[in-house]
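Next come the chains, spelled out residue by residue.
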Amino acid sequence: MNLPKVYQNRNVGNVNNDQEFFYSANPSKAKLNVKNTNLDSKINNLFKSNKYIYKINVNIKTSTRDFDTVVIGKTNNNLITLDNDLIPIKDIIDINEK
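(A) How the structure looks around the overall build of the protein. The helix and strand inventory of the protein stands at one helix and five strands. Taken from N to C terminus, the helices and strands of the protein fall in the order α-β-β-β-β-β. Of all intrachain contacts in the protein linking residues separated by at least 6 positions in sequence, the fraction that spans at least 24 positions is 44%.

Written out as structure tokens, the structure is:
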């Protein structure tokens, strides 16, 4: 028995369905969301890098202090360092690879 063919979209390319920006009556919330989106993409790019095998030398700036540390992993809410410290992602202002 011959079944009809199923439609397959061949123009898939790079699909970015994530919502990066949103409108808010409170402008400070909108800026906060854009900052978090940029930070999340920076962290994800560090772990997707070809240089990352087990650890990444980074400089992390938080609201309380600066870290020159080695990041070995990531959970949903924290970065894990080689010194077994957990740095909450929500507290990170900026992160740069050394």
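(B) Looking closely at the sheet that holds strand S4 (residues 86-88). If you trace the five strands from one edge of the open sheet to the other, you get S4-S3-S2-S1-S5, paired in antiparallel fashion. This sheet does not close on itself; its edge strands, each paired only once, are S4 and strand S5 (92-97). Taking the axes of each pair of neighbouring strands and ignoring which way they run, one obtains an average angle of 45 degrees across the sheet. Bridge analysis of strand S1 (residues 56-62) against strand S2 (residues 66-74) gives six bridges, and the strand direction is antiparallel. Residue pairing for S2: asparagine 57 is matched across the bridge by valine 70.

(C) Here's a closer look at the pairing of S1. Burial along S1 is one-sided: the face carrying Ile56, Val58, Ile60 and Thr62 is buried and the face carrying Asn57, Asn59 and Lys61 is not. The antiparallel pairing of S1 with S2 creates a hairpin that spans three residues between the two strands. In this structure, S1 lies alongside S5, joined through five bridges in antiparallel fashion. Bridging across to S5, valine 58 finds its partner in glutamate 97.

(D) Representation of the confidence of the model for the protein within the structure. Overall, the predicted model of the protein reaches an average pLDDT of 79, with 77% of residues at or above 70. Per-element averaging of pLDDT across the protein places helix H1 (residues 27-48) at the bottom with 70 and strand S3 (residues 78-81) at the top with 92.

(E) View of unusual backbone geometry. At asparagine 84, a residue that is not glycine, the phi angle is positive and equals roughly 65 degrees. Within the fold, asparagine 84 resides in the loop between S3 and S4. Judged by relative accessible area, asparagine 84 falls into the exposed class, the value being 66%.

Reading guide: rules and limits
Residues numbered from 1 in each chain as written. Predicted model: local features only at pLDDT ≥ 70, side-chain atom pairs only at ≥ 80, totals over all residues. Heavy atoms only, no water. Helix = DSSP H or I, 4+ residues; strand = E, 2+ residues; numbered from the N terminus. Contact = heavy atoms within 4.5 Å. Pairing = 2+ DSSP bridges. Axes fitted to C-alpha atoms, helices over the stretch in contact; angles between N-to-C directions. Buried < 20%, exposed > 50% of the residue type's maximum accessible area, 1.4 Å probe, protein only. pLDDT = per-residue confidence, 0-100.

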